[in-house]
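Below, each chain spelled out in residue letters.
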Amino acid sequence: MIKKDELIEAVLDGIIDANDFYEKISNGFSINDSGIEGVLQTKITEAIYDALSQNPDGSLNEEFIVMEYPFKEIFEQSGAKKVRGAIPQLVDGAKRVDIMIFDKKERPIIPIEVKRNAATVGFAKDAKRILGVLKRSDTLSRGSVKYGLICGFIFGKGNTRDECLKDIKLKKDQCIEYLHSEASIDVVDFFHHDDEPKSFEDPSWWVGGAVCVYLRRNDRNN
(Lines give C-alpha, C1' and ligand atoms only; values in the text may rest on other atoms or scores of the structure.)
Protein backbone atom coordinates (compact mmCIF):
# COMPACT_ATOMS: atom_id res chain seq x y z
CA MET A 1 0.00 0.00 0.00
CA ILE A 2 1.25 3.48 -0.82
CA LYS A 3 2.70 5.28 2.19
CA LYS A 4 0.78 8.26 3.56
CA ASP A 5 3.68 10.69 3.09
CA GLU A 6 4.19 9.58 -0.51
CA LEU A 7 0.50 10.05 -1.29
CA ILE A 8 0.37 13.51 0.28
CA GLU A 9 3.47 14.59 -1.62
CA ALA A 10 1.91 13.36 -4.87
CA VAL A 11 -1.30 15.29 -4.13
CA LEU A 12 0.56 18.53 -3.41
CA ASP A 13 2.71 18.14 -6.52
CA GLY A 14 -0.42 17.47 -8.61
CA ILE A 15 -2.06 20.69 -7.42
CA ILE A 16 0.97 22.84 -8.26
CA ASP A 17 1.36 21.07 -11.61
CA ALA A 18 -2.31 21.71 -12.43
CA ASN A 19 -1.95 25.42 -11.84
CA ASP A 20 1.33 25.65 -13.76
CA PHE A 21 -0.25 23.77 -16.66
CA TYR A 22 -3.30 26.02 -16.77
CA GLU A 23 -1.16 29.13 -16.46
CA LYS A 24 0.74 28.08 -19.59
CA ILE A 25 -2.26 27.26 -21.77
CA SER A 26 -4.27 30.32 -20.65
CA ASN A 27 -1.46 32.88 -20.96
CA GLY A 28 -1.30 33.59 -17.23
CA PHE A 29 -4.66 32.71 -15.68
CA SER A 30 -4.73 30.66 -12.48
CA ILE A 31 -6.94 27.74 -11.45
CA ASN A 32 -8.69 30.15 -9.11
CA ASP A 33 -9.45 32.64 -11.90
CA SER A 34 -11.46 30.12 -13.91
CA GLY A 35 -12.79 27.80 -11.20
CA ILE A 36 -11.80 24.68 -13.14
CA GLU A 37 -11.76 22.02 -10.46
CA GLY A 38 -11.64 19.25 -13.07
CA VAL A 39 -8.08 20.15 -14.06
CA LEU A 40 -7.03 19.82 -10.42
CA GLN A 41 -8.68 16.41 -10.11
CA THR A 42 -7.02 15.15 -13.27
CA LYS A 43 -3.51 16.35 -12.43
CA ILE A 44 -3.75 15.06 -8.85
CA THR A 45 -4.91 11.68 -10.16
CA GLU A 46 -2.00 11.57 -12.62
CA ALA A 47 0.46 12.35 -9.81
CA ILE A 48 -1.03 9.60 -7.62
CA TYR A 49 -0.84 7.15 -10.53
CA ASP A 50 2.87 7.94 -10.95
CA ALA A 51 3.42 7.23 -7.24
CA LEU A 52 1.62 3.86 -7.23
CA SER A 53 3.18 0.48 -7.94
CA GLN A 54 2.87 -0.35 -11.64
CA ASN A 55 3.25 -3.37 -13.89
CA PRO A 56 5.63 -3.21 -16.90
CA ASP A 57 2.69 -2.32 -19.15
CA GLY A 58 1.74 0.65 -16.96
CA SER A 59 -1.27 -0.95 -15.29
CA LEU A 60 -1.52 -0.75 -11.51
CA ASN A 61 -0.74 -3.93 -9.56
CA GLU A 62 -1.63 -2.89 -6.01
CA GLU A 63 -4.06 0.02 -5.64
CA PHE A 64 -6.17 1.61 -8.35
CA ILE A 65 -8.00 4.93 -8.68
CA VAL A 66 -11.57 5.92 -9.57
CA MET A 67 -12.76 9.52 -9.96
CA GLU A 68 -16.21 10.85 -9.00
CA TYR A 69 -17.15 7.76 -7.01
CA PRO A 70 -20.54 7.71 -5.18
CA PHE A 71 -20.42 7.86 -1.39
CA LYS A 72 -23.30 5.39 -1.35
CA GLU A 73 -21.08 2.81 -3.02
CA ILE A 74 -18.27 3.54 -0.59
CA PHE A 75 -20.54 2.72 2.33
CA GLU A 76 -21.68 -0.52 0.75
CA GLN A 77 -18.25 -1.74 -0.34
CA SER A 78 -16.30 -0.68 2.74
CA GLY A 79 -18.62 -2.33 5.25
CA ALA A 80 -19.65 0.97 6.83
CA LYS A 81 -23.29 0.41 5.86
CA LYS A 82 -23.44 -2.52 8.31
CA VAL A 83 -23.31 -0.10 11.22
CA ARG A 84 -26.71 0.82 12.62
CA GLY A 85 -28.01 4.32 12.09
CA ALA A 86 -28.72 6.54 9.13
CA ILE A 87 -26.00 7.46 6.67
CA PRO A 88 -24.84 11.03 7.47
CA GLN A 89 -26.79 13.56 5.41
CA LEU A 90 -23.62 15.12 3.98
CA VAL A 91 -22.69 11.87 2.26
CA ASP A 92 -26.14 10.56 1.40
CA GLY A 93 -27.94 10.68 -1.93
CA ALA A 94 -26.05 11.60 -5.09
CA LYS A 95 -22.88 12.89 -3.42
CA ARG A 96 -19.59 11.68 -4.89
CA VAL A 97 -16.01 11.75 -3.69
CA ASP A 98 -13.61 13.44 -6.13
CA ILE A 99 -10.93 10.72 -6.05
CA MET A 100 -11.16 7.26 -4.49
CA ILE A 101 -8.25 4.84 -4.07
CA PHE A 102 -9.08 1.13 -3.91
CA ASP A 103 -6.94 -1.82 -2.82
CA LYS A 104 -6.35 -4.87 -5.01
CA LYS A 105 -9.36 -6.57 -3.41
CA GLU A 106 -11.48 -3.73 -4.86
CA ARG A 107 -12.27 -2.25 -1.46
CA PRO A 108 -12.32 1.56 -1.03
CA ILE A 109 -9.45 2.62 1.23
CA ILE A 110 -8.63 6.33 0.76
CA PRO A 111 -11.18 9.03 -0.22
CA ILE A 112 -9.80 12.35 -1.43
CA GLU A 113 -11.78 15.57 -1.81
CA VAL A 114 -10.47 18.44 -3.96
CA LYS A 115 -11.26 22.17 -3.81
CA ARG A 116 -10.15 24.66 -6.44
CA ASN A 117 -10.21 27.35 -3.71
CA ALA A 118 -9.35 25.81 -0.37
CA ALA A 119 -9.66 29.05 1.61
CA THR A 120 -13.46 28.81 1.75
CA VAL A 121 -16.10 27.31 4.02
CA GLY A 122 -16.56 24.61 1.37
CA PHE A 123 -13.17 23.19 2.33
CA ALA A 124 -14.53 22.35 5.78
CA LYS A 125 -17.77 20.98 4.33
CA ASP A 126 -15.82 18.52 2.18
CA ALA A 127 -13.75 17.53 5.21
CA LYS A 128 -16.98 16.71 7.06
CA ARG A 129 -17.99 14.39 4.21
CA ILE A 130 -14.75 12.46 4.58
CA LEU A 131 -15.18 12.33 8.35
CA GLY A 132 -18.70 10.97 7.84
CA VAL A 133 -17.16 7.94 6.15
CA LEU A 134 -14.33 7.59 8.65
CA LYS A 135 -16.60 7.73 11.67
CA ARG A 136 -18.63 4.82 10.31
CA SER A 137 -15.54 2.84 9.39
CA ASP A 138 -13.80 3.09 12.75
CA THR A 139 -16.67 1.31 14.54
CA LEU A 140 -16.03 -1.79 12.45
CA SER A 141 -13.26 -4.25 13.19
CA ARG A 142 -12.59 -4.64 9.48
CA GLY A 143 -13.73 -1.40 7.88
CA SER A 144 -11.71 -0.93 4.70
CA VAL A 145 -11.43 2.88 4.65
CA LYS A 146 -8.07 3.71 6.23
CA TYR A 147 -7.95 7.51 6.18
CA GLY A 148 -8.95 10.46 4.01
CA LEU A 149 -7.47 13.60 2.49
CA ILE A 150 -8.96 17.02 1.81
CA CYS A 151 -6.82 19.14 -0.48
CA GLY A 152 -6.94 22.20 -2.67
CA PHE A 153 -5.42 25.22 -4.32
CA ILE A 154 -4.83 28.57 -2.62
CA PHE A 155 -3.89 31.88 -4.18
CA GLY A 156 -1.97 34.83 -2.74
CA LYS A 157 -1.42 38.23 -4.34
CA GLY A 158 0.05 41.63 -3.58
CA ASN A 159 1.95 44.59 -4.95
CA THR A 160 5.28 43.15 -3.81
CA ARG A 161 6.73 39.68 -3.39
CA ASP A 162 6.54 39.96 0.41
CA GLU A 163 2.90 41.04 0.30
CA CYS A 164 2.16 38.09 -1.93
CA LEU A 165 3.76 35.58 0.46
CA LYS A 166 2.04 37.20 3.44
CA ASP A 167 -1.33 36.86 1.71
CA ILE A 168 -0.84 33.19 0.95
CA LYS A 169 0.09 32.56 4.61
CA LEU A 170 -3.22 34.17 5.60
CA LYS A 171 -5.02 31.82 3.21
CA LYS A 172 -3.35 28.81 4.86
CA ASP A 173 -4.40 30.06 8.30
CA GLN A 174 -7.92 30.60 6.96
CA CYS A 175 -8.12 26.98 5.82
CA ILE A 176 -7.23 25.80 9.32
CA GLU A 177 -9.67 28.22 10.93
CA TYR A 178 -12.54 26.97 8.78
CA LEU A 179 -11.72 23.39 9.73
CA HIS A 180 -11.83 24.38 13.40
CA SER A 181 -15.01 26.47 13.25
CA GLU A 182 -17.06 24.71 10.56
CA ALA A 183 -16.00 21.06 10.89
CA SER A 184 -15.00 20.95 14.59
CA ILE A 185 -11.56 19.59 13.73
CA ASP A 186 -9.34 20.72 16.59
CA VAL A 187 -6.10 19.00 15.61
CA VAL A 188 -5.17 18.65 11.96
CA ASP A 189 -2.16 17.37 10.07
CA PHE A 190 -1.81 20.25 7.64
CA PHE A 191 0.62 20.05 4.74
CA HIS A 192 1.37 22.72 2.16
CA HIS A 193 3.61 23.57 -0.74
CA ASP A 194 4.08 26.97 -2.39
CA ASP A 195 4.95 27.65 -5.99
CA GLU A 196 7.41 30.39 -6.93
CA PRO A 197 5.95 33.94 -6.85
CA LYS A 198 5.31 35.29 -10.34
CA SER A 199 5.38 38.83 -11.71
CA PHE A 200 3.89 40.19 -14.92
CA GLU A 201 4.11 43.58 -16.60
CA ASP A 202 1.70 45.18 -14.14
CA PRO A 203 2.93 45.88 -10.60
CA SER A 204 1.03 43.06 -8.93
CA TRP A 205 2.48 39.69 -7.95
CA TRP A 206 0.75 36.38 -7.36
CA VAL A 207 1.66 32.95 -6.06
CA GLY A 208 -0.15 29.62 -6.12
CA GLY A 209 -0.07 27.14 -3.29
CA ALA A 210 -1.26 23.65 -2.45
CA VAL A 211 -2.70 22.47 0.85
CA CYS A 212 -3.61 18.99 2.06
CA VAL A 213 -5.11 17.82 5.36
CA TYR A 214 -4.80 14.26 6.61
CA LEU A 215 -8.01 13.01 8.26
CA ARG A 216 -7.60 9.90 10.39
CA ARG A 217 -10.02 7.39 11.84
CA ASN A 218 -10.61 7.69 15.57
CA ASP A 219 -9.18 4.21 16.15
CA ARG A 220 -5.94 4.93 14.27
CA ASN A 221 -2.87 6.64 15.69
CA ASN A 222 -1.31 7.60 12.35
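In what follows, the structure referred to is the one given above.
Residues numbered from 1 in each chain as written. Predicted model: local features only at pLDDT ≥ 70, side-chain atom pairs only at ≥ 80, totals over all residues. Heavy atoms only, no water.

**A look at the packing of helix 4 (residues 71-78) against helix 5 (residues 121-137)**
At a closest axis distance of 11 Å, the pairing of helix 4 and helix 5 adopts a crossing angle of 15°. Judged by the inter-axis angle, helix 4 sits roughly parallel to helix 5. Crossing geometry of helix 4 relative to helix 5 is assigned as right-handed. Of the residues in helix 5, those in contact with Phe71, Ile74, Phe75 and Ser78 of helix 4 are Arg129, Gly132, Val133, Arg136 and Ser137. (Axes fitted to C-alpha atoms, helices over the stretch in contact; angles between N-to-C directions. Helix = DSSP H or I, 4+ residues; strand = E, 2+ residues; numbered from the N terminus. Parallel < 35°, antiparallel > 145°, perpendicular 65-115°, else oblique. Left-handed = near helix turned anticlockwise from the far one by under 90°. Contact = heavy atoms within 4.5 Å.)

**Describing the nonpolar core**
By size, the foremost hydrophobic cluster in this structure holds 31 residues, and its most contacted members are Ile74, Phe123, Leu179, Ile185 and Leu215. Elements supplying a minimum of two residues to this core: helix 4, strand 2 (96-102), helix 5, strand 4 (147-158), helix 6 (161-183) and strand 7 (205-216). Per-element tally for this core: the top contributor is helix 5, with seven residues. With near-sequence residues (within four places) excluded, Leu215 lies in contact with Ala127, Ile130, Leu131, Leu134, Tyr147, Gly148, Ile150 and Ile185. (Core = buried A, V, L, I, M, F, W, Y, C linked by side-chain atoms within 4.5 Å. Buried < 20%, exposed > 50% of the residue type's maximum accessible area, 1.4 Å probe, protein only.)

**A few points about helix 1 (residues 4-25)**
The terminal C-alpha atoms of helix 1 lie 32 Å apart, and with 22 residues this matches the ideal 32 Å at 1.5 Å per residue to within 8%. Among the residues making up helix 1, those that are buried are Leu7, Ile8, Ala10, Val11, Leu12, Gly14, Ile15, Ile16, Ala18, Asn19, Tyr22 and Glu23. Phi turns positive, to about 60°, at Asn27, one or two residues after helix 1. (Expected span 1.5 Å × (residues − 1).)

**Some thoughts on the environment of Leu12**
Counting through the fold element by element, Leu12 comes out in helix 1. Since its relative accessible area comes to 4%, Leu12 is described here as buried. As a C-alpha pair, Leu12 and Phe191 span 179 residues in sequence and 8.3 Å in three-dimensional space.

**A look at the packing of aromatic side chains**
For the structure shown, the criterion picks out four aromatic pairs. Members of the aromatic cluster, joined through ring pairs, are Phe64, Tyr69 and Phe102. Positioned above the aromatic ring of Tyr214, the side-chain terminus of Lys4 is 4.3 Å from the ring centre. The ring of Phe21 has Lys43 lying over it, and the distance from NZ or CZ to the ring centre is 4.5 Å. (Phe/Tyr/Trp six-rings, centres within 6.5 Å; stacked < 30°, edge-to-face > 60°. Lys NZ or Arg CZ within 6 Å of the ring centre and 35° of its normal.)

**A few points about the side chain of Asp126**
With respect to the secondary-structure elements, Asp126 resides in helix 5. Assessed through its relative accessible area of 6%, Asp126 is described here as buried. What Asp126 contacts, discounting residues up to four positions off in sequence, is Glu113, Val114, Lys115 and Ile150.

**Some points on a positive patch on the surface**
Residues Lys95, Lys125, Lys128 and Lys135 make up a contiguous surface patch of positive charge. Along the polypeptide, Lys128 turns up in helix 5. In this structure Lys128 comes out as partly exposed when scored by relative accessible area, which is 36%. (Patch = residues over 30% accessible without salt bridge, like charges linked within 9 Å, V, L, I, M, F, W, Y side chains within 5 Å. Areas by Shrake-Rupley, 256 points an atom, 1.4 Å probe, with all protein chains shown as cover. Salt bridge = Lys/Arg side-chain N within 4 Å of Asp/Glu carboxyl O. Lys, Arg positive; Asp, Glu negative; His and termini not counted. Charge placed at Lys NZ, Arg CZ, Asp CG, Glu CD.)

**What about the pattern of salt bridges?**
Inspection of the entire model under this criterion finds nine salt bridges. The residue Lys171 makes a salt bridge to Asp167 at a minimum N-O spacing of 3.5 Å. Taken together, the positions of Lys171 and Asp167, both in helix 6 and four residues apart, correspond to about one turn of that helix. On the basis of relative accessibility, which here comes to 22%, the residue Lys171 falls in the partly exposed class.

**With respect to the pairing of strand 4**
A regular strand places its side chains on the two faces of the sheet in alternate fashion. Taken across its twelve residues, strand 4 has eleven buried, putting it largely inside the fold. Note: strand 3 (residues 108-115) against strand 4, four bridges, orientation parallel. The residue of strand 4 that forms the bridge with Ile112 is Leu149. Across twelve bridges, strand 4 lies against strand 7 in antiparallel orientation. The residue bridging Phe155 from the neighbouring strand is Gly208, located in strand 7. (Pairing = 2+ DSSP bridges.)

**Side note on the packing of helix 1 against helix 3 (residues 37-51)**
Two elements in contact, helix 1 and helix 3, have axes whose closest approach is 8 Å; the angle formed by their N-to-C orientations is 135°. Here helix 1 is positioned oblique relative to helix 3, judged by the angle of their axes. With respect to the hand of their crossing, helix 1 and helix 3 are arranged in right-handed fashion. The residues of helix 3 that touch helix 1, namely those facing Leu7, Ala10, Val11, Gly14, Ile15, Asp17, Ala18 and Phe21, are Val39, Leu40, Lys43, Ile44, Ala47, Ile48 and Ala51. Taken together, the residues of the contact of helix 1 with helix 3 sort by class into twelve nonpolar, one polar and two charged. (Nonpolar A, V, L, I, M, F, W, Y, C, P; charged D, E, K, R; others polar.)

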